[in-house]
Amino acid sequence: MSLNLALNSNCLLGESPVWSPVDQSIYFIDTKKMSINRFCISNSLFETIPTPSEIGCIVLKRGGGIVAAMQSGLAFVDFTVKEYAFFCTIDSDILTNRPNDGKCDGAGRLWVASMDNKEVSSSGRLWKVSPTTAPEIVDSNFVIGNGIDWSPDSKKMYFTDSVNRAIYIYDFDLGSGTIGNKEMFVKIPEDDGFPDGLVVDGQGFVWSAHWDGWRVTRYALDGSIDKVVNLPVPRPTSLAFGGANLSSLFITSASYGLSSAELMNAPLSGGLFVYDSTVSGRLSNQYIAEIS
């Protein structure tokens, strides 16, 4: 097991990594630089395209392309020709909100957490976006709604409330796309930072990136700590499995908000890291834009 710098990407706020097995690339975003990035593992080619506004997350779309959740709306993205086709908005009634983290469930619905961009108001919401219905608010009252993922059997959904240092667990019905019986999964101690992005591995264990915690933590099914991966940067942000056998854990990070002294102490802040895991992850679910 080892941790390495995969790419010195110099992100202000690197986020939302997603592995594409088709082109053997890890896609990720920089929220504050307003970009979508692609790093090809086989040839180390790094490419970036600008976004029209601050971006919260990306997912792959079935059939090709990307879906991006941005402050200006949700859009289908053609990375090659740098084109955006907007199809809906969320939180348009709260101008200080923007989309934050998000993922797709096993049925191809997109779940997006929003946040107060000033990080003060509890105006954040959890949205469900389906191709057959209007976007729906399924939970609310978060300052920063964050990492989302599902158990391998799709019977549980995990969701991160960063400011409250909480990861919640819900019962999940894949057929209807409904959640219920919300409970606390883990409460992160103050010394360990704030929970940010989240991913569930093939064994059902939960990995969480800890902003201001210099670490990624793997939690067992009962919420106990199974493993801690220490990082050379204080602000890891999100994570995704990829690479051969899906055993490479890619970790994005941020330099945003760090002082000059803090950056001197952690010069790799904003980089993309890779951790060689002893367990494999799962391919990310893709957004299904049309129901056949």
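Please refer to the structure higher up on the page.
Bear in mind that the values here come from a model prediction, so they are computed numbers and not experimental data.

Overview of unusual backbone geometry
Positive phi, close to 80 degrees, is recorded for Asn141, a residue that is not glycine. Mapped onto the secondary structure, Asn141 falls in strand β13 (residues 136–142). Backbone geometry places Trp214, a non-glycine residue, at a positive phi of 55 degrees. Of note, Trp214 is situated in the loop between β19 (206–211) and β20 (215–219).

Describing the pairing of strand β14 (residues 145–150)
In terms of residue burial, β14 counts as a mostly covered element, since 6 of its 6 residues are buried. As judged from the 4 bridges shared by β14 and strand β15 (residues 156–161), these two strands associate in the antiparallel manner. Across the sheet, the residue bridging to Gly145 is Asp161, located in β15. Once β14 ends, the chain turns through 5 residues before running back antiparallel as β15, passing Ser154 with a positive phi of about 60 degrees.

A look at the sheet that holds β20
The 4 strands lie next to each other as β18-β19-β20-β21, forming an open sheet whose pairing is antiparallel. Strands with a single pairing partner mark the edges of an open sheet, and in this sheet they are β18 (194–200) and β21 (225–230). In this sheet, neighbouring strand axes are inclined to one another by 25 degrees on average, regardless of whether the strands run parallel or antiparallel. As paired elements, β18 and β19 share 5 bridges and run antiparallel to each other. The residue of β19 that forms the bridge with Phe194 is Trp211.

Considerations on the pairing of strand β10 (residues 97–104)
By the criterion of burial, β10 is predominantly enclosed, with 8 of the 8 residues buried. Inspection of the sheet shows β10 paired to strand β11 (residues 110–116) by 6 bridges, in the antiparallel sense. Each residue of the ladder has a partner; that of Pro99, found in β11, is Ser114. Adjacent in sequence and paired antiparallel, β10 and β11 are bridged by 5 residues, among which Gly108 carries a positive phi angle near 90 degrees.

Quick word on the side chain of Asn97
Within the secondary structure, Asn97 sits in strand β10. Engagement of the side chain of Asn97 in a polar contact is seen with the side chain of Ser123, the distance being 2.6 Å. Those residues within four positions of Asn97 in sequence are excluded, and the remaining contacts are Gln71, Asp91, Ser114, Met115, Asp116, Asn117, Ser123 and Gly124.

Analysis parameters
- Residues numbered from 1 in each chain as written.
- Predicted model: local features only at pLDDT ≥ 70, side-chain atom pairs only at ≥ 80, totals over all residues.
- Heavy atoms only, no water.
- Helix = DSSP H or I, 4+ residues; strand = E, 2+ residues; numbered from the N terminus.
- Buried < 20%, exposed > 50% of the residue type's maximum accessible area, 1.4 Å probe, protein only.
- Pairing = 2+ DSSP bridges.
- Axes fitted to C-alpha atoms, helices over the stretch in contact; angles between N-to-C directions.
- Polar contact = N/O pair within 3.5 Å; in protein donor to acceptor, adjacent residues only side chain to side chain.
- Contact = heavy atoms within 4.5 Å.

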